[in-house]
Amino acid sequence: MAWFGGRKKNEPVVEEIPEEPRLPEPPALNASGLRSVADHSAYLLSLVEPLEPFGTPLLEAWDQIMCEDIDSSINVPPNSTAKVAGYAVRAQDLTDHEGHLAEPLHIVEAGVERLPEGGAVVVSPGDVLPRGATAVLPETFATLEEGRARLIEKVADGEYVRAAGEHLAVGTRLLSEGEILDDRSIGLLAGAGIDKVMVRPRPRVVVVSSGEHLVDPGAEVQHGDATDANSYMIAAAARAAGATVFRVAVHSNDPHAIRTAIEDQLIRADLVISTTGGRREDYQAVVGVMNELGLVDSVDVAMSPGRTQTFGLIGEDGERVPMLMLPGNPVSAYVSFHAFARPLIRCLMGARTDHRAVRAITPTILRSLQGTMHLLRGRVTLEGSIRHVEQVALPHALGELAQSNALIILDESVETVKAGQAVKVWLFDEED
């Protein structure tokens, strides 16, 4: 029997050519041929997924994102305890059938498992009550005579008792999926007897520095050289965003050296960030390598600074790693990090990706070009409950960044902000 009996004799076999892999269709450009900041950020985030969660000991989970809801499995406190010094009693034993004070209670040895009818146990503040005890009789409410407690006053059920589960009852929601584990949260979970949690791992970010005339801090600077500040600044910013960071330096713009350095890092990278020293040929060398290694999106974004943006998914099919190429100018690199790299890191963590935006009053007039989002360096200060922000503009780019604690955001539709008006800012530090 012929395997291909359904095909006519001499009919040509059409061999299907697999379609070349490509990135999803990017957002449309505006009339000026630019992509908006919001569209570009949303596009990059659509190409990245949160890392898979895993179980980890409580202390190792600090500053990571919860991947489960956790309810208390125990009561806190686990046992009912005395609030005052006195006698653990059964409140019903304190009165007779006519409502008068009952006969003296006999003192029972501490450590008894269950309080017998008509008994009392001497307790101090914080002592665990025996089973069956429903109240604590303060020591001034009775007199001790020959091993018996003669009643002076009575108490009701629950009086002077810190009940089991008073702080946390079994089933109380402690933390929810998506919350960040800080030191107080860890204390809360530990107090509830929780020793392991499901979290997403810290994203492993590899910062690859390249440039023919870049030298590491501490090295001798020859004529024409520049000290590499960008990779250190971006590596620190990635760590502040919650990533585990590795830095690799390629003191060259040789494509083969850059490609080797990047490929060597793919096995441990969840995100690669490339930095250079600002020379055009250094930037172009990295972009060329990215095109060789994977699928690349290069576009001009309607923002200043940081107009030129390059992103790629590099490596083998099915194991591609996101890579972001930052501009070479320090201010452009840092602004681009906050606009695009930080949201990517937060996405990998499973955390919220939107920026912490607040309003602040500017004491001076601010201007921008309509159709372009301007991200100005600013210094936010508090006067009472009112935030004020002043633009920081210094000839030394790194000095300008060092003096800033926020970005002043002038959206594409904004041309002028008058003195005394409020403006949107992105804070660099959560405590500001």
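Structural notes, computed from the coordinates. This structure is a prediction, so every number in the text was calculated from the model and none was measured. (Residues numbered from 1 in each chain as written. Predicted model: local features only at pLDDT ≥ 70, side-chain atom pairs only at ≥ 80, totals over all residues. Heavy atoms only, no water.)

1. Focus: unusual backbone geometry
Peptide bonds are mostly trans, and most non-glycine residues show a negative phi. That bond from V76 to P77 is cis: its omega, -5 degrees, falls within 30 degrees of zero. The topology assignment puts P77 in the loop between β2 (70-71) and β3 (81-82). The omega torsion across S304 and P305 is 0 degrees, close enough to zero to call that bond cis. You can see P305 is positioned in the loop between β19 (303-304) and β20 (308-314). Of note, the phi angle at D63 is positive, near 70 degrees, even though the residue is not glycine. With respect to the element layout, D63 can be found in the loop between β1 (54-57) and β2. A positive phi is found at E146, a non-glycine position, where the angle reads about 50 degrees. With respect to the element layout, E146 can be found in the loop between β8 (142-145) and β9 (148-151). Classification of E146 by relative accessible area gives exposed; the value is 83%. (Helix = DSSP H or I, 4+ residues; strand = E, 2+ residues; numbered from the N terminus. Buried < 20%, exposed > 50% of the residue type's maximum accessible area, 1.4 Å probe, protein only.)

2. Topic: the side chain of E400
Within the secondary structure, E400 is located in helix α7 (residues 397-403). A polar contact is formed between the side chain of E400 and the side chain of R377, at a distance of 2.7 Å. Excluding residues within four positions of it along the chain, E400 makes contact with V331, R377, V392, A393 and L394. (Polar contact = N/O pair within 3.5 Å; in protein donor to acceptor, adjacent residues only side chain to side chain. Contact = heavy atoms within 4.5 Å.)

3. Things to note about the packing of helix α1 (residues 37-46) against helix α6 (residues 330-349)
Running from N to C, α1 and α6 point in directions that differ by 35 degrees, and their axes come no closer than 10 Å. Crossing hand, α1 versus α6: right-handed. Contacts between α1 and α6 involve V37, H40, S41, L44 and L45 on the former and, on the latter, A339, F340, P343, L344 and C347. Residue composition of the contact of α1 with α6, grouped by class: eight nonpolar, two polar and no charged. (Axes fitted to C-alpha atoms, helices over the stretch in contact; angles between N-to-C directions. Left-handed = near helix turned anticlockwise from the far one by under 90°. Nonpolar A, V, L, I, M, F, W, Y, C, P; charged D, E, K, R; others polar.)

4. A few points about the pattern of salt bridges
Taken as a whole and assessed by the stated rule, the structure comprises 21 salt bridges. A salt bridge links R173 to D71; its shortest N-O distance comes to 2.4 Å. Taken as a pair, R173 in strand β11 (residues 173-175) and D71 in strand β2 lie far apart in primary sequence, 102 residues in all. Given a relative accessible area of 44%, R173 falls into the partly exposed group. (Salt bridge = Lys/Arg side-chain N within 4 Å of Asp/Glu carboxyl O.)

5. Topic: the side chain of D270
Looking at the secondary structure, you find D270 in the loop between α4 (255-265) and β17 (271-275). Assessed through its relative accessible area of 12%, D270 is described here as buried. Excluding anything up to four places from it in sequence, D270 contacts L51, R202, P203, R204, V321, P322 and L348.

6. Here we look at the sheet that holds strand β18 (residues 294-300)
If you walk across this open sheet you meet the six strands as β16-β13-β17-β21-β20-β18, and the pairing is mixed. The sheet is open, and its two borders are formed by β16 (244-250) and β18, each paired with just one other strand. Taking the axes of each pair of neighbouring strands and ignoring which way they run, one obtains an average angle of 20 degrees across the sheet. As defined by bridge partners, β18 adjoins β20 across seven bridges and the pair is classed as antiparallel. (Pairing = 2+ DSSP bridges.)

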